[in-house]
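Working through the structure, step by step
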Amino acid sequence: MSSTTPTSSTGDAKAAVPQAHVDLEITGMTCASCANRIERKLNKLDGVQATVNYATEKANVAYSDPVATGDLIAAVEAAGYRAKAIEDHPDSAADDNDDDGHDQELNRLRHRTLVSAALSVPVIAMAMIPPLQFDNWQWLSLTLAAPVVVWGGWQFHRAAAINLRHGAATMDTLVSVGTIAALGWSLYALFFGAAGDPQTAHGGMEMSSSDGSANIYLEAAAGVTTFILAGRFFEMRSKRRAGAALRTLLGLGAKDVTVLRGDTESLVPIGDLAVGDLFVVRPGERIATDGVVVSGSSAVDASMLTGESVPVEVNEGDAVVGATVNAGGRITVRATKIGNDTQLAQMARLVEQAQNGKAQVQRLADRISGVFVPVVIALALGTLAVWLLLGYDAADAFTAAVAVLIIACPCALGLATPTALMVGTGRGATMGILIKGPEVLESTRQVDTVVLDKTGTVTTGQMTLTEVAVADGEQTDHVVRVAGAVENASEHPIARAIADGARERTGPPPAVRDFVNSAGLGVQGVVDDVEVLLGRPQLLTERGNEIPGELVAALERAGSEGQTAVAVAWGGRARGVLVVSDVVKATSRQAVAELVDLGLEPVLLTGDHESVAKAVAAQVGISTVIAGVLPSAKVDTIKDLQAQGKTVAMVGDGVNDAAALAQADLGLAMGTGTDAAIEAGDITLVRGDLRAAGDAIRLSRATLRTIKGNLFWAFGYNVAALPLAALGLLSPMIAGGAMALSSVFVVGNSLRLRRFR
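Residues numbered from 1 in each chain as written. Predicted model: local features only at pLDDT ≥ 70, side-chain atom pairs only at ≥ 80, totals over all residues. Heavy atoms only, no water.

Looking at an unreviewed UniProt entry, one finds the protein chain named Heavy metal translocating P-type ATPase, with Williamsia marianensis as its source organism. For the record of the protein chain, the UniProt heading Sequence similarities (unreviewed entry) holds the text "Belongs to the cation transport ATPase (P-type) (TC 3.A.3) family. Type IB subfamily." As recorded by UniProt, the Subcellular location (unreviewed entry) comment attached to the protein chain reads in full: "Cell membrane". (UniProt positions renumbered as here; feature names shortened; annotations may be inferred.)

With respect to the UniProt feature "transmembrane region" (unreviewed entry) in the protein chain
Following the UniProt record, the feature "transmembrane region" (unreviewed entry) maps to residues 114–131, 137–154, 174–196, 216–234, 371–392, 398–423, 710–727 and 733–751 here. The span residues 174–196 is 83% helix and 0% strand, and its two end C-alpha atoms sit 28 Å from each other. Within the segment residues 371–392, helix and strand shares are 86% and 0% respectively, and the terminal C-alpha atoms sit 30 Å apart. (Helix = DSSP H or I, 4+ residues; strand = E, 2+ residues; numbered from the N terminus.)

Some points on the environment of V175
Looking at the element boundaries, V175 is found in helix 7 (residues 171–192). Sequence spacing of V175 and V402 is 227 residues, and the spatial spacing of their C-alpha atoms is 9.1 Å.

Quick word on unusual backbone geometry
A positive phi angle, near 55°, is found at D514, a position not held by glycine. With respect to the helices and strands, D514 occurs in strand 18 (residues 512–518).

Quick word on the packing of helix 21 (residues 588–597) against helix 22 (residues 610–620)
Taken N-terminus to C-terminus, the directions of helix 21 and helix 22 make an angle of 70°; their axes are 8 Å apart at the nearest point. Considering their axes alone, helix 21 and helix 22 lie roughly perpendicular with respect to each other. The residues of helix 22 that touch helix 21, namely those facing S588, R589 and V592, are A618, Q619 and V620. Broken down by class, the residue content of the contact of helix 21 with helix 22 amounts to 3 nonpolar, 2 polar and 1 charged. (Axes fitted to C-alpha atoms, helices over the stretch in contact; angles between N-to-C directions. Parallel < 35°, antiparallel > 145°, perpendicular 65-115°, else oblique. Contact = heavy atoms within 4.5 Å. Nonpolar A, V, L, I, M, F, W, Y, C, P; charged D, E, K, R; others polar.)

Things to note about helix 3 (residues 69–78)
Of all the residues in helix 3, the buried ones are L72, I73, A75 and V76. In an axial view of helix 3, the angular spread of the buried residues amounts to 155°, which keeps them on one side of the axis. Looking at the residues trailing helix 3, positive phi occurs at G80, about 100°. (Buried < 20%, exposed > 50% of the residue type's maximum accessible area, 1.4 Å probe, protein only. Arc of directions from axis to C-beta.)

Focus: the nonpolar core
Counting residues in hydrophobic clusters, the biggest one holds 47 residues, and the most contacted among them are L452, V458, V651, L666, L668, I683 and L685. The element that contributes the greatest number of residues to this core is helix 26 (residues 691–726), accounting for 9 residues. Aside from chain neighbours lying at most four places away, what touches L666 is V440, S443, T444, V447, V648, A649, M650, D682, I683 and I697. (Core = buried A, V, L, I, M, F, W, Y, C linked by side-chain atoms within 4.5 Å.)

Let's talk about the pairing of strand 19 (residues 522–527)
Counting buried residues in strand 19 gives 6 out of 6 residues, a clear majority hidden from the surface. In the sheet, strand 18 pairs with strand 19 via 5 bridges, with the strands oriented antiparallel. When the sheet's bridge partners are listed, R513 is paired in strand 19 with V526. In terms of strand pairing, strand 19 meets strand 20 (residues 530–535) through 6 bridges, oriented antiparallel. Its bridge partner lying in strand 20, G522 is registered against G535. (Pairing = 2+ DSSP bridges.)

Considerations on a nonpolar patch on the surface
On the surface, L187, Y188, F191 and F192 cluster together to form a nonpolar patch covering roughly 460 Å² of accessible area. As for its position among the elements, L187 is in helix 7. Looking at L187, the relative accessible area reads 31%, which means it is partly exposed. (Patch = residues over 30% accessible without salt bridge, like charges linked within 9 Å, V, L, I, M, F, W, Y side chains within 5 Å. Areas by Shrake-Rupley, 256 points an atom, 1.4 Å probe, with all protein chains shown as cover. Salt bridge = Lys/Arg side-chain N within 4 Å of Asp/Glu carboxyl O.)

Structural notes on the side chain of T258
Of note, T258 is situated in strand 6 (residues 256–261). Residue T258 is classed as buried on the basis of its relative accessible area of 11%. Not counting residues within four places of it along the chain, the set of residues in contact with T258 comprises E265, S266, L267, L278, F279, V280 and R282.

Looking at helix 21
Residues S588, A591, V592 and L595 constitute the buried set of helix 21. For helix 21, the buried positions fall inside an angular range of 100° around the axis, keeping them on one side. Buried residues along helix 21 sit against strand 16 (449–453), helix 16 (454–458), strand 22 (573–584), strand 23 (601–605), helix 22 and helix 26. Following helix 21 by one or two positions, G599 has its phi on the positive side, about 85°.

Some words on the sheet that holds strand 11 (residues 312–314)
On the basis of which strands lie adjacent, the open sheet formed by 3 strands has the order 11-10-13 and antiparallel pairing. Here the strands that pair on one side only, and so sit at the sheet edges, are strand 11 and strand 13 (325–326). With 3 bridges connecting them, strand 10 (residues 298–301) and strand 11 associate as antiparallel partners. Along strand 11, the bridge assignment pairs A299 with E313.

Looking at the sheet that holds strand 16
What the 7 strands build is an open sheet, ordered 15-27-26-25-16-23-24; its pairing is mixed. Sheet topology places strand 15 (433–435) and strand 24 (624–626) at the edges, where each strand pairs with a single neighbour. Going across the sheet, the axis of each strand differs from the next one's by a mean of 20°, ignoring polarity. By the bridge criterion, 3 bridges tie strand 26 (residues 666–670) to strand 27 (residues 683–685) in an arrangement that is parallel. Within strand 27, the position partnered with L668 by the bridge is I683.

A look at the packing of aromatic side chains
Across all of its chains, the model carries 5 aromatic pairs by this definition. Aromatic side chains W387 and Y392 sit 4.8 Å apart centroid to centroid with 50° between the ring planes, which places their arrangement in the tilted category. Their ring planes at 80° and their centres at 6.1 Å tell us that W713 and F745 sit as a pair that is edge-to-face. Of this pair, W713 sits in helix 26 while F745 sits in helix 27 (residues 732–751), and the two are 32 residues apart along the sequence. Taken together through their ring pairs, the aromatic side chains of F712, W713 and F745 make up a single cluster. The ring of W151 carries the charged tip of R112 above its face, separated from the ring centre by 4.7 Å. (Phe/Tyr/Trp six-rings, centres within 6.5 Å; stacked < 30°, edge-to-face > 60°. Lys NZ or Arg CZ within 6 Å of the ring centre and 35° of its normal.)

Quick look at the structure:
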């Protein structure tokens, strides 16, 4: 993914120049210390800022001239790994090829693990169960164990050798040194010591004070290799599952599209579609790309993008989103966005950026894992020396040192944050919640105040006919029908609201003639041979129309509640009052209650009159209202709240909300809003339902809790296990199994987020 964007000026020359961005796919990493090493190598280049993620096996790099992508790849290869630039959202064929490559790698690892396990089981059984130790059993053990250590553990030895050439040490170094040492000692004991005697017995894994040359560690060498291979396999498979949400998101798009040129329909690959093309979508088909309906009507199932299960009705002129499913009739759509500009591609890009980032807690874990391996090697050598100095047998000292090497792998530390982040952001994407980066998770923990923009966030943002009052003796449906007919000829938002409301209540409007629009005052026209006048009360009285007392009361009531009222008259008398307002969304009250349950204080922020704002606030259960705020002053309102010591989240959808969203400690942009608002927000709520704000905060906090839980167990495991190994209370084989299980536990704990509701 490569683009060029200016960075903000911070006084640093490196950050003051335009920077290019590229994502690199890294292969060859086996643990968090590998990622840490590559990251340090890249960041040593002038003008480069890199973040390497072990779980996603990607590097996100910002760089400036004269650095080129080739220089970045060369730096990665100089560290002993392989890299290639990732194109910005490759096509489906490339995705399929990548999936095939990962599946083949997973299958190879599965095969290696199963063969190693089959060979190791009898070795471990003979070593642990004395009745199975027939004459020369140890030579059969060597025959079975040697292929496991050499062939099964080849990837560890190869990686350790590469790291050694570059003067580095990783998890592979620990595993390779430990298993080769165990195999080497066993070979020495068999060929040059007492262990080669046909009647040699092995008492299991307990320590003994006998001559070290009589002890063999083939079961430890083979068992450790198999356990770690199994752990690597389950880790890789779990990482694939953790990243499944993004792959599913990318796979939602249509592969082919039926293009309409003239009267001819032709099926073409999606890559051949251009902006402006007309294409046909039949019932049950996916909409190929973002566009506008030009003919037909249907219901569209957008649940895979928004998390909203109810299909949305679309008609001519309505916008539709690519990858959603046409659940109703045939429609013809004009493409407005294609490729990387579509909403699906933007969603995938946001999820991918979030998964490639690092939370502050992960950076701490990376710094620890970066120095952990050399410290462990020093500790293992120290353990060996101390045991020997205290007079213990060399075999016991060797066993304790190998256990220290094996138990201390920092894999769980490296996986703690990125796997939780992958699963959490992926789950969010399936719920219509896009989290921009890991630092957002940490913001949600501190938030105590949530500022809600009114129009388009708490309310629908569209004028709607909400009430009709009629004079004595008049029929409501007749008044609405006549008023809707006249307003149907106008394009004014209030007129459209009345016309649409009338159509819903009384069906298609009758014809109107001699239509006249008095700008800012009202409209008039002839319906069923009767001249009808609609508008402000002043217009009606000026034209000689009487307004009955019951309608005057209705007008005053609407005005006090901040609503817009239109009077309708004919025959010299007002016949009714139609009230139009921006109605509260059906789910807003529940959404506010959920935010309060999360410990947040809701604040309604709007540029409308205070009476309107208070009426809306009362409907949804908000007690704090800040009204009459100009768009430019919304930022100042957020700053004032922050100055009071509050940590503020802002939810908005308009262009005038963008600056306030950026100023807030946590910005949540409604996905139904403007691009400017979405760009400024930290979290995008795709489905435009305010309840998603509570879901987003709960999901973010759950992901952060999972990260912290993972780190606690990963740190706790190493802190507790290392002393036990150094004291000789853990055998190398048990240490290998425990180390593998720690990584699997961390990944499994992260996968629980897939069940978040």
